[in-house]
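Listed here are the chains, written in short residue letters.
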Amino acid sequence: MKYDVIIIGAGPGGIFAAYELMEHRPELKVAVFEAGHPLEKRHCPIDGEKVKSCISCKSCSIMSGFGGAGAFSDGKYNITNDFGGTLHEYIGKKRAMELMHYVDGINLAFGGEGTKLYTTAGTKFKTICIQNDLHLLDASVRHLGTDINYIVLQNLYNHLKDKVEFFFDTPVETVKRLEEGYEVVLKNETHTCDKCIVSVGRIGSKWMERVCKELEIPTKSNRVDIGVRVELPAQVFNHLTDELYESKIVYRTEKYGDRVRTFCMNPKGAVVSENTNGIITVNGHSYEDPAKQTENTNFALLVAKHFSEPFKDSNGYGESIARLSNMLGGGVIVQRFGDLIRGRRSTPSRIEESFITPTLSATPGDLSLVLPKRILDGIIDMIYALDKVAPGTANEDTLLYGVEVKFYNMEVEVDENLQSIYKDLYIIGDGSGITHSLSHASASGVHVARKIAGV
Ligand SMILES: Cc1cc2nc3c(=O)[nH]c(=O)nc-3n(C[C@H](O)[C@H](O)[C@H](O)COP(=O)(O)OP(=O)(O)OC[C@H]3O[C@@H](n4cnc5c(N)ncnc54)[C@H](O)[C@@H]3O)c2cc1C
């Protein structure tokens, strides 16, 4: 089949590209190929009872399918250039903010109305943080929550399904250049298009790497963030989360000068495991619906690791550490902060006797056998620093789940239109290495669609 535009991947980047194309050029013949399932068929089998940990499904419903990695995410749309990607470096700060606000407007129109927009503007916590050598980053956060995020996606799908051709459970094997346009190769057939938008997200990182090699598109990669997910009673962070919902706090360690940051804060949320290319790591989310909320708050503490020549495989480094935790714990490891500090492993009975009920069934163990000293020292320092602005963070029973790894896709060389070195081949969203968040990925989709539509 010949299409005007083929979009690879139906995550936020791909969805918003399709949406915006149809807003401006409804006559275009557009197809979206998605490796994962349709939204209603996405289901992670982990139920905490029969299936306690990741069974490595062929297509991971947490990471793949309509809605992408974003579908069961907490739906925190951070409207900021301070974190979540470097889209602004390509398209300019003003345009990036405009597009993120535009995406916010669509989310509201498609089911997100009534959700809260939190902001750091004018908060007293900025001063309190600085007084304790911590730095609160600026942002506005629209919290849709996992439940409302799902409804917005459902509505967007219903809006698009008769305008755009969606193919689910249809992984694209590769993309080839033709004299005019591109050939998109599936298992048993091929399709051609004039313009191709690649939006394969984090789960598509290895695929992206291979396709860039095949097409000789330049890439670079040198960063990975490694750490743990912290879970504690919601009261400890209430004063911050009630006002800001998500606080992005950065600390620079005294000894190594490494940056440690809080990431993906989920008030009254749940810790979950995720499977990226067979490696099980930890993540978290929360619901807007009070009935689904828990008594715990979770967030990640990540140490940024930048490598210099000659080492190039930063993701490989992160993967090796995650594999080590999988080897020792069969999946995610959980340890009480008190046990970590005492240099002993957590055991099932120590976890059971503690005052916090874990929201993820993980293997009690010893994170000091997994994380390099430099990273572990950074995390411990940060926990003590946070204890000054949120007393209770460094309590004995605070749970640390490991490991959380934030893999950065290698950065693909694109121009200000997010067009690769080849005309009409666009690389957007997390797959491009430029965005790492819902709002930046969605905005990148809108940006490219407008370029293609000529508006
Ligand atoms: C549990 C969890 C919670 C999160 N919470 C938040 C949050 O609260 N706020 C936030 O800003 N970010 C959050 N994130 C990150 C956010 O989900 C991503 O930044 C965002 O989804 C990126 O969008 P994308 O479209 O670039 O890629 P993705 O959402 O990853 O979508 C890419 C899609 O492409 C498909 N694909 C890959 N390869 C192929 C192929 N070869 N052929 C066909 N299809 C393919 C995949 O199946 C996938 O569906 C979370 C992530 C996870 C996993």
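Structural notes, computed from the coordinates. For clarity, every value in this text was computed on a predicted model and none was experimentally measured.

1. Some words on the nonpolar core
I6, A18 and Y401 are the most contacted members of the largest nonpolar core, which has 133 residues in total. If sequence neighbours within four positions are ignored, Y401 has contacts with V228, R229, E231, V271, V282, V332, V334, L360 and A362.

2. Structural notes on the site of the ligand
Taken together, 46 residues are adjacent to the ligand, and G9, G11, G68, G201 and G429 come closest. Elements supplying a minimum of two residues to the shell around the ligand: α1 (12-24), β3 (76-79), β15 (270-276), β16 (279-285) and α12 (438-453). Class assignment of the residues belonging to the shell around the ligand gives a composition of 17 nonpolar, 23 polar and 6 charged.

3. Remarks on helix α5 (residues 145-160)
Because the α-helix completes a turn every 3.6 residues, residues three or four places apart line up on one side. Here α5 is 16 residues long and its end C-alpha atoms lie 22 Å apart, about the 22 Å a rise of 1.5 Å per residue gives. For α5, the complete set of buried residues consists of G145, T146, I148, N149, Y150, V152, L153, L156 and L160. On its buried side, α5 packs onto α1, α3 (93-112), β6 (140-143) and β16.

4. Points about the environment of N107
Tracing the chain through its elements places N107 in helix α3. Sequence separation between N107 and K2 is 105 residues, and the spatial gap between their C-alpha atoms is 31 Å. Once you skip the residues sitting within four places of it in the chain, N107 turns out to touch Y77, G112, R142, L144 and V152.

5. A short note on the sheet that holds strand β17 (residues 296-306)
Strand order across the open sheet formed by 8 strands is β5-β13-β14-β17-β12-β20-β18-β19, with mixed pairing between neighbours. Of all the strands in the sheet, the pair left with one neighbour each is β5 (135-136) and β19 (363-364). Across 4 bridges, strand β18 (residues 333-336) lies against strand β20 (residues 399-407) in antiparallel orientation. Residue Q335 lies in a different strand from β20, and its bridge partner there is L400. Sitting on the sheet, helix α8 (residues 314-329) is in contact with β12 (223-233), β17, β18, β19 and β20, with an inclination near 150° to β20. This element, helix α11 (residues 373-389), spans β12, β13 (249-252), β14 (259-266) and β17 of the sheet and lies at about 135° to β17.

6. Overview of the packing of α3 against α5
Running from N to C, α3 and α5 cross one another at 90°; their axes reach a closest spacing of 8 Å. Classified by the interaxial angle, the pair formed by α3 and α5 is roughly perpendicular. Counted together, N107, F110, G111 and G112 of α3 and I148, I151, V152, N155 and L156 of α5 form the full contact between these two elements. Partitioning the contact of α3 with α5 into residue classes produces 5 nonpolar, 4 polar and no charged.

7. Quick notes on the sheet that holds strand β4 (residues 116-119)
The 3 strands are arranged β3-β6-β4 in an open sheet whose pairing can be described as antiparallel. Two strands bound the open sheet, and with one partner strand each, they are β3 and β4. Strand after strand, the sheet turns through a mean of 20° between neighbouring axes, direction not considered. In this sheet, β6 lies alongside β4 in antiparallel orientation, the contact comprising 4 bridges. For Y118, the partnering residue across the bridge sits in β6 and is V141. Along the sheet, α3 contacts β3 and β6; its crossing angle with β3, the most-contacted strand, is approximately 150°.

About the criteria used
- Residues numbered from 1 in each chain as written.
- Predicted model: local features only at pLDDT ≥ 70, side-chain atom pairs only at ≥ 80, totals over all residues.
- Core = buried A, V, L, I, M, F, W, Y, C linked by C-beta atoms within 7 Å.
- Buried ≥ 20, exposed ≤ 12 C-beta atoms within 10 Å, placed from the backbone.
- Contact = placed C-beta atoms within 7 Å.
- Near = placed C-beta within 6 Å.
- Helix = DSSP H or I, 4+ residues; strand = E, 2+ residues; numbered from the N terminus.
- Nonpolar A, V, L, I, M, F, W, Y, C, P; charged D, E, K, R; others polar.
- Expected span 1.5 Å × (residues − 1).
- Pairing = 2+ DSSP bridges.
- Axes fitted to C-alpha atoms, helices over the stretch in contact; angles between N-to-C directions.
- Parallel < 35°, antiparallel > 145°, perpendicular 65-115°, else oblique.

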